[in-house]
Amino acid sequence: MQNARIISRPVKGDGGIREKEAARPFVHVLADSSDKLSSVCSILEQQFTVAGERLDAEAKLSQVPFAIVIRAELRDVHAIAAIKKRAAKLAKATKRIFLVEHSSHMSISQAYALGATLVLPGTIDKIKLLAALAYPAEEASASSGHAPQPDNAVETAAIAIASMFTSVTSGQPIDINGAREAGRQIADRITQHGLSEWLTTVRRHHEGTYQHCLLVTGVAIDFGLSLGVGRPDLERLYTAAMFHDIGKARIPLAILDKPGRLDPDERAIIETHPVAGYDFLKDHDNISPEILDAVRHHHEFLDGSGYPDALCGGNIGDIVRILTISDIFAALIEHRHYKPTMPRADAYNILCGMSGKLEKALVTSFKQVALTR
Ligand SMILES: [Fe+2]
Ligand SMILES: [Fe+2]
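Residues numbered from 1 in each chain as written. Chains lettered and ligands numbered in written order. Predicted model: local features only at pLDDT ≥ 70, side-chain atom pairs only at ≥ 80, totals over all residues. Heavy atoms only, no water.

Peer 1: Account for the coordination of the iron ion (ligand 1), naming residues and giving values.
Peer 2: The coordination sphere of the iron ion (ligand 1), as far as protein atoms go, consists of Asp245 (OD), His273 (NE2), His298 (NE2) and His299 (NE2), spread over 2.1 to 2.2 Å. With four donor atoms in place around the iron ion (ligand 1) and angles of 83 to 175° between them, the coordination shape is irregular. Sequence spacing of the donor residues for the iron ion (ligand 1), all on one chain, is D-x27-H-x24-H-H. Taken as a pair, the iron ion (ligand 1) and the iron ion (ligand 2) show a spacing of 3.4 Å, with Asp245 coordinating each metal. Placement of the pair is His273 in helix H15 (residues 273-281) and His298 in the loop between helix H16 (289-297) and helix H17 (318-333), with a sequence separation of 25 residues. For the residue pair His273 and His298, the accessibility class agrees, reading buried in each case. (Donors = N, O, S within 2.8 Å, 3.2 Å for Na, K, Ca; no water. Tetrahedral: all angles 85-135°; square planar, octahedral: opposite > 155°, others 65-115°. Helix = DSSP H or I, 4+ residues; strand = E, 2+ residues; numbered from the N terminus. Buried < 20%, exposed > 50% of the residue type's maximum accessible area, 1.4 Å probe, protein only.)

Here's what the structure looks like:
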């Protein structure tokens, strides 16, 4: 039985091609069966130097790859234990892509809890996988003009969000303090390095609902800082942002991650998430009424056209107003493989066009966050 393979494809012709081969980025593949290992390796061999290893084999590969791709059944405790055993190695790779077979929130949050920087659920999509590995992170950050930063705050926050989603899915209490601490780390990082660096890092590493929660939290923090809110309000803001879409843990991924427009039934299902999140959180002791209010009402608009309670003007609090603007902006600029990322200026123009729904003075103040910070 084949447990490991190092692919060093024979190259035709002269030594120049051999040099090119050596310069190709090195990717390490882990899988829980030989078939899975072969199928992932055969996709990647076209563009990368690939080494593969079965999860049940002794960990032997020593070279540090730029990316690790894992294909495994994450409902299997043995697979989880084998990945945990390789945690130190995983931490050194810039990209850790988990190809999760079972498309459920539980498997996806498990992958993030194990250190994934991107999770691609379901059947392997060759184009998506190659796109996710398309360029080394250093090049991405160089082209964005921001120096790469250690990703501790991103990883801590992603794990906190993963654990929240797992809690909701399994009906366990949420680690409120863990989420608050992750929010605090994001606030420190943004205070130090600015919002743009945060947006670049998050969009490079994460996708889907987790990316969205990380972006909203960063945008809300920077908006709060630009408005000069005090530390207690900033803490309320980032805690509310971390929790705001927790109700999406109850929405099937097929709807949540559907590319393109939702039909009316799907939209109705999506619109249950603020109340689902509120209902789940309200039984926790150490969560304040302002945060519950923000989770329930972050889709309300001043003109009463929002949901779930069609609140109007004065019934929508300040934290909620700030969160709503941050949420819409973050949703517009998020990175998805199936659509181009919207420039920040275009996203800001959309906010400006939502007159009557958002507080005008706040949208005006948001301009510097959206465009320059
Ligand atoms: Fe939401
Ligand atoms: Fe949201």
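Peer 1: Go over H15 with me, naming the residues and quoting the values.
Peer 2: Among all positions in H15, only His273, Pro274, Ala276, Gly277, Phe280 and Leu281 are buried. On an axial view of H15, the arc spanned by its buried residues comes to 165°, and they lie on one face. Looking at the buried positions of H15, the neighbouring elements they touch are helix H8 (152-170), helix H9 (176-193), helix H12 (231-243), helix H14 (264-270) and H16. (Arc of directions from axis to C-beta. Contact = heavy atoms within 4.5 Å.)

Peer 1: How would you sum up the coordination of the iron ion (ligand 2)? Please name residues and give values.
Peer 2: Within the first shell, the iron ion (ligand 2) binds the protein through His212 (NE2), His244 (NE2), Asp245 (OD) and Asp327 (OD), at distances of 2.2 to 2.3 Å. Given four donor atoms and angles of 79 to 168° at the metal, the environment of the iron ion (ligand 2) is assigned as irregular. Sequence positions of the residues that donate to the iron ion (ligand 2) give the spacing H-x31-H-D-x81-D.

Peer 1: Which residues make up the nonpolar core, and what values go with them?
Peer 2: Ranked by internal contacts, the top residues of the largest apolar core, which has 94 residues, are Phe98, Ile174, Trp198, Phe243, Leu281, Leu351 and Phe366. With residues near it in sequence (within four places) discarded, Leu351 still touches Ile325, Ile328, Phe329, Leu358, Val363 and Phe366. Residues Ala31, Val40, Ala67 and Leu130 belong to the second largest nonpolar core, which totals 21 residues. (Core = buried A, V, L, I, M, F, W, Y, C linked by side-chain atoms within 4.5 Å.)

Peer 1: Give a detailed account of the packing of aromatic side chains, specifying residues and quantitative values.
Peer 2: Evaluation of the coordinates by the stated rule reveals six aromatic pairs. A cation over a ring is seen here: Arg296 above Tyr278, with NZ or CZ 4.9 Å from the ring centre. (Phe/Tyr/Trp six-rings, centres within 6.5 Å; stacked < 30°, edge-to-face > 60°. Lys NZ or Arg CZ within 6 Å of the ring centre and 35° of its normal.)

Peer 1: So what's going on with the environment of Ile287? Residues and values would help.
Peer 2: As for its placement among the helices and strands, Ile287 is situated in the loop between H15 and H16. Classification of Ile287 as buried rests on a relative accessible area of 9%.

Peer 1: Any chance you could break down the pattern of salt bridges for me, citing the residues and the numbers?
Peer 2: A complete count under the given rule lists 19 salt bridges for this structure. Where Arg86 meets Glu53, a salt bridge forms, and the shortest distance between an N and an O atom there is 3.3 Å. With Arg86 in the loop between helix H3 (77-85) and helix H4 (87-92) and Glu53 in strand S3 (residues 49-54), this pair connects stretches of sequence that are 33 residues apart. Both residues of the pair, Arg86 and Glu53, belong to the buried class. The partner of Lys258 in a salt bridge is Glu266, and the shortest N-O contact between them spans 2.8 Å. The exposure class of Glu266 is buried, given its relative accessible area of 17%. (Salt bridge = Lys/Arg side-chain N within 4 Å of Asp/Glu carboxyl O.)

Peer 1: Before we move on, can you summarise the pairing of strand S5 (residues 95-100) with the specific residues and values?
Peer 2: It is a general feature of regular strands that their side chains alternate between the two faces of the sheet. In terms of residue burial, S5 counts as a mostly covered element, since six of its six residues are buried. In S5, alternate side chains face the same way, and those of Lys95, Ile97 and Leu99 on one face and Arg96, Phe98 and Val100 on the other are all buried. As defined by bridge partners, strand S4 (residues 67-72) adjoins S5 across six bridges and the pair is classed as parallel. Looking at the pairing, Ala67 lines up with Lys95 of S5. Summarising the sheet, S5 and strand S6 (residues 118-121) pair through four bridges and their orientation is parallel. Looking at the pairing, Val100 lines up with Pro121 of S6. Assessed by its sense of winding, the connection that carries the chain from S5 through helix H5 (residues 105-113) to S6 is right-handed. (Pairing = 2+ DSSP bridges. Right-handed = clockwise from strand over helix to strand, strands pointing away.)

Peer 1: Pulling in residues and values, what's your account of the side chain of Glu300?
Peer 2: In this structure, Glu300 sits in the loop between H16 and H17. Look at Glu300: it is buried, it has no salt bridge, and the nearest opposite charge is Arg296 at 6.3 Å. Within the local environment of Glu300, its side chain forms a polar contact with the backbone nitrogen of Asp309, the two atoms lying 2.7 Å apart. A distance of 3.1 Å separates a polar side-chain atom of Glu300 from the backbone nitrogen of Ala310. (Lys, Arg positive; Asp, Glu negative; His and termini not counted. Polar contact = N/O pair within 3.5 Å; in protein donor to acceptor, adjacent residues only side chain to side chain.)

Peer 1: Please provide a residue-by-residue account of the packing of H16 against H17, values included.
Peer 2: Relative to each other, H16 and H17 sit at 40°, their axes nearing to 9 Å. Taken together, the axes of H16 and H17 lie oblique to each other. Crossing handedness for the pair H16 and H17: right-handed. Residues Asp293, Ala294 and His297 of H16 form the contact with H17, whose participating residues are Ile319, Val320, Leu323 and Thr324. (Axes fitted to C-alpha atoms, helices over the stretch in contact; angles between N-to-C directions. Parallel < 35°, antiparallel > 145°, perpendicular 65-115°, else oblique. Left-handed = near helix turned anticlockwise from the far one by under 90°.)

Just geometry here; none of it tells us what the structure is for.
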